[in-house]
Amino acid sequence: MGNSLKAIAGFVPSHKCQKYLLEDLEEMPVDKMVDLSGRQLRRLPVHICSFRELVKLYLSDNNLNHLPPELEQLQNLQILALDFNNFKALPLVVCTLKQLCILYLGNNKLCSLPLELRLLQNLKTLWIESNCLQYLPEVVCELSLLKTLHAGSNALRALPAQLQCLQELRTIWLSGNLLSEFPPVLLDMPFLEVIDVDRNSIRFFPSLAHLPGLKLVIYDHNPCRNAPKVAKGVRRVGRWSEETPEPRKRSGAVIEIPLDEKPLLPPATKAEPE
């Protein structure tokens, strides 16, 4: 009954209904975190923006498609979660929050990202998975401190060459896209530790043995005829990963080596800033 009432209240923009959804959140919590996930919110109550010392704001799993300009007051915000909402465009006010370290934008309806995103020069983690991106916005390549990029489950067919400028990038998740070849730019990024290209359309993998920082490569569920060669100690998740980099042959037939282990997925829990 409680969830049903919240769903109904979410359609009513009155102060009383919004207060019910917020469960009387009138003052900033001592831990400087506000979690309004799953509250059926259709707008962010402006009084939340008065919590100027707020560090973490979770707005996941609501019905938001815009944010108030007053959000700019939260200049101490380090984590902002906007995933599982109805954003068709990233509100520009988000790009004014220059202390952001972690930004979750997954599971929305984004087709692009604004150029103003380049203002978030402290951003270390960006999740843009499960959107409508047909290309990786080049503005992402200007986030010089970015360490983790999750761009899975979009419609990406290639990556921009400028991505190699992100010399702090360590982990890139690209599963569930439309890549027909292994992105060449990744071959010029020796500092990468985790590469995930699971569930694409890659038919051939170049050698990755020259990448000294690589620790894990996930390449399963691709129509490939070879496994990527890697340096000693690098873990591979995909066909033939437990054997030699090439499939075994017998009487001219290719024998696929089954893999019992499921591919490693990105962490489901929200991360903390370093």
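On a predicted model such as this, the values are computed, not experimentally measured, just so you know.

### Overview of the environment of Ala-231
So, point 1. Take Ala-231: it is sitting in the loop between β9 (216-218) and β10 (235-237).
So, point 2. Counting along the chain gives 24 residues from Ala-231 to Ser-207, while the straight-line C-alpha distance between them is 9.3 Å.

### Some thoughts on the confidence of the model for the protein chain
So, point 1. On average, the protein chain scores 86 in pLDDT, and the residues at 70 or more come to 79%.
So, point 2. Between residues 1-5, whose pLDDT stays under 50, and residues either more than four places distant or in other chains, the model counts 2 contacts.
So, point 3. Considering only residues more than four positions removed or in separate chains, one finds that residues 244-265, a stretch of pLDDT under 50, has 42 contacts.

### What about the pattern of salt bridges?
So, point 1. Per the stated rule, a full pass over the model turns up 3 salt bridges.
So, point 2. Glu-142 serves as the salt-bridge partner of Arg-118, at 2.8 Å between the closest nitrogen and oxygen. Of this pair, Arg-118 sits in the loop between β4 (102-104) and β5 (125-127) while Glu-142 sits in the loop between β5 and β6 (148-150), and the two are 24 residues apart along the sequence.
So, point 3. Of the residues examined, Glu-142 reaches a relative accessible area of 35% and is grouped as partly exposed.
So, point 4. Ionic pairing is found between Glu-193 and Lys-215, a salt bridge with its closest N-O pair at 3.9 Å. Of this pair, Glu-193 sits in the loop between β7 (171-173) and β8 (194-196) while Lys-215 is found in the loop between β8 and β9, placing the two residues 22 residues apart along the sequence.

About the criteria used
Residues numbered from 1 in each chain as written. Predicted model: local features only at pLDDT ≥ 70, side-chain atom pairs only at ≥ 80, totals over all residues. Heavy atoms only, no water. Helix = DSSP H or I, 4+ residues; strand = E, 2+ residues; numbered from the N terminus. pLDDT = per-residue confidence, 0-100. Contact = heavy atoms within 4.5 Å. Salt bridge = Lys/Arg side-chain N within 4 Å of Asp/Glu carboxyl O. Buried < 20%, exposed > 50% of the residue type's maximum accessible area, 1.4 Å probe, protein only.

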